[in-house]
Amino acid sequence: MLSVNIICIGKLKEKYWMDAIKEYSKRLSAFCKFSIIELGEYKATQNPNDKEIQNVLAEEGKMILGKIKPSDYTVAMCIEGKIISSEDLSCLMEDIQLRGKSTLNFVIGGSWGLADEVKKSANYKMSMGKMTFPHQMARVMLSEQIYRGFQISTNGKYHK
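Being a predicted model, the structure only gives us computed values, none of them experimental.

Caption draft 1: Structural context of the overall build of the chain. The secondary structure content of the chain amounts to five helices and five strands. Counting from the amino terminus, helix and strand elements in the chain follow one another as β-α-β-α-β-α-β-α-β-α. The C-alpha radius of gyration computed for the chain amounts to 16 Å, which stays within 12% of the reference 15 Å derived for 160 residues, consistent with globular compactness. Along the first, second and third principal axes, the C-alpha atoms of the chain reach 50 × 35 × 25 Å. Counting across all 160 residues of the chain, residues that qualify as buried make up 44%. Within the chain, contacts between residues separated by at least 24 positions form 84% of all contacts whose residues are at least 6 apart in sequence. Counting every atom, the chain has about 9,100 Å² of accessible surface; 53% of that belongs to carbon and sulfur.

Here's what the structure looks like:
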């Protein structure tokens, strides 16, 4: 069974986000081994300069890369990534499984994004669109799209 991880910086704090993730985790258990790997935010000053931001990205990047194995297929969620449809995501997930990959990671960075090292190490870069979303919402939306992708590939009733 495919393991699907969302590796992300920061923790969910609001109950409604946690409840949404819990629901999609339950639904996804029929298709994959799903988990959210939350990593701590690297703290910066109130108004960080460019050097401090780069330091935050580098430190968070090290934590993220520490959770990824070379054999994993990793998707970096970033603004410069490709905008794809739900059907395209479903095909990507099917293709990853056909390639014999057992672990699929989606990576969501912190408030400053992802370190270049994380993006370079990713097999694929994906964007949720040109709008900006809170990281908590992006995590829930991504979980829903992963579930939708499995529903599409199994001809489930969820996707219309």
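Caption draft 2: Region of interest: the packing of helix α3 (residues 86-98) against helix α5 (residues 135-153). With their axes 8 Å apart at the nearest point, α3 and α5 run at an angle of 75 degrees to one another. The angle between α3 and α5 falls in the class roughly perpendicular. Contacts between α3 and α5 involve S86, E87, L89, S90, M93, E94 and Q97 from the first element and Q145, I146, R148, G149, F150, I152 and S153 from the second.

Caption draft 3: Representation of the pairing of strand β4 (residues 103-108). β4 sits mainly inside the fold: six of its six residues count as buried. The two faces of β4 match: T103, N105 and V107 on one face and L104, F106 and I108 on the other face are all buried. In this structure, strand β1 (residues 3-9) lies alongside β4, joined through six bridges in parallel fashion. Its bridge partner being in β4, C8 is matched across the sheet by I108. Pairing between strand β3 (residues 73-83) and β4: five bridges, direction parallel. From the neighbouring strand, Y73 faces β4, where its bridge partner is L104. Viewed along the sheet, the connection from β3 through α3 into β4 turns out right-handed.

Caption draft 4: Geometry of the state of the cysteines. Going through the model one piece at a time under the given rule, you end up with zero disulfides. Cysteine C32 is unpaired, with the sulfur of C8 as its nearest cysteine sulfur at 15 Å. For C32, a relative accessible area of 3% gives the class buried. C32 supplies the cysteine sulfur nearest to C91, a cysteine that is in no disulfide, at a spacing of 17 Å.

Caption draft 5: Main features of the side chain of K119. Relative to the elements of secondary structure, K119 occurs in helix α4 (residues 116-121). Of the polar contacts made by the side chain of K119, one reaches the side chain of E80; its length is 2.7 Å. Setting aside its immediate chain neighbours within four residues, K119 contacts A76, C78, E80, L114 and K125.

Caption draft 6: Here's a closer look at the packing of aromatic side chains. What the rule picks out here adds up to four aromatic pairs. Seen from their ring centres, F31 and Y147 are 6.1 Å apart, and the 65 degrees between their planes marks the pair as edge-to-face. On the criterion of sequence distance, the pair formed by F31 in the loop between α1 (15-28) and β2 (33-39) and Y147 in helix α5 is long-range, its members being 116 residues apart.

Caption draft 7: Region of interest: the nonpolar core. Counting 29 residues, the largest nonpolar core has V4, L104, F106 and I146 as its most contacted members. For this core, the elements supplying multiple residues, two or more each, are β1, α1, β3, α3, β4 and α5. Apart from the residues lying within four places of it in its own chain, the contact partners of I146 are V4, I6, L28, F34, L89, M93 and F106. In terms of nonpolar packing, the next biggest core, distinct from the first, is built from 14 residues, I7, I64, I68 and V118 among them.

The rules we used
- Residue positions are counted from 1 within each chain, in the order its sequence is given.
- Totals for whole chains, interfaces and linings use every residue, but because this is a predicted model, local features are given only for residues with pLDDT of at least 70 and side-chain atom pairs only at 80 or more, for both listing and counting.
- Excluded from the side-chain calculations are hydrogens and water; all other atoms, namely the structure's heavy atoms, are used.
- Strands are runs of DSSP state E lasting at least 2 residues, helices are runs of H or I lasting at least 4, and numbering of each runs from the N terminus.
- As a reference, a globule follows 2.2 Å times the number of residues to the power 0.38, and the radius of gyration itself is taken over C-alpha atoms.
- Exposure classes here rest on a 1.4 Å probe applied to the protein chains alone. A residue is buried below 20% of its type maximum, exposed above 50%, and partly exposed in between.
- Contact criterion: two residues are considered in contact whenever any of their non-hydrogen atoms come within 4.5 Å of each other.
- The accessible surface values rely on the Shrake-Rupley method and a 1.4 Å probe; as for residues, cover is taken only from the protein chains in view.
- Between the N-to-C directions of two axes lies an angle of 0 to 180 degrees, each axis being a line fitted to C-alpha atoms and, for a helix, fitted only over the stretch in contact.
- Oblique is the label for every angle not falling under 35 degrees (roughly parallel), over 145 degrees (roughly antiparallel), or within 65 to 115 degrees (roughly perpendicular).
- The pairing criterion for strands is at least two bridges between them, as found by DSSP.
- Look down the strands so they point away from you; if going from the first strand over the helix to the second traces a clockwise path, that crossover is right-handed.
- A pair of sulfur atoms, both from cysteines and within 2.5 Å, is called a disulfide here.
- N or O atoms closer than or at 3.5 Å make up a polar contact, with two conditions inside protein: a donor-capable atom paired with an acceptor-capable one, and, for residues adjacent in sequence, both atoms drawn from side chains.
- When the centres of two rings from Phe, Tyr and Trp lie within 6.5 Å, Trp using its six-membered ring, the rings pair. Their planes under 30 degrees apart give stacked, over 60 give edge-to-face, and anything left gives tilted.
- The nonpolar core is taken to be a set of buried Ala, Val, Leu, Ile, Met, Phe, Trp, Tyr and Cys residues, with the residues joined through side-chain atoms within 4.5 Å.

From the geometry alone we can't say anything about function, so treat these as descriptive.
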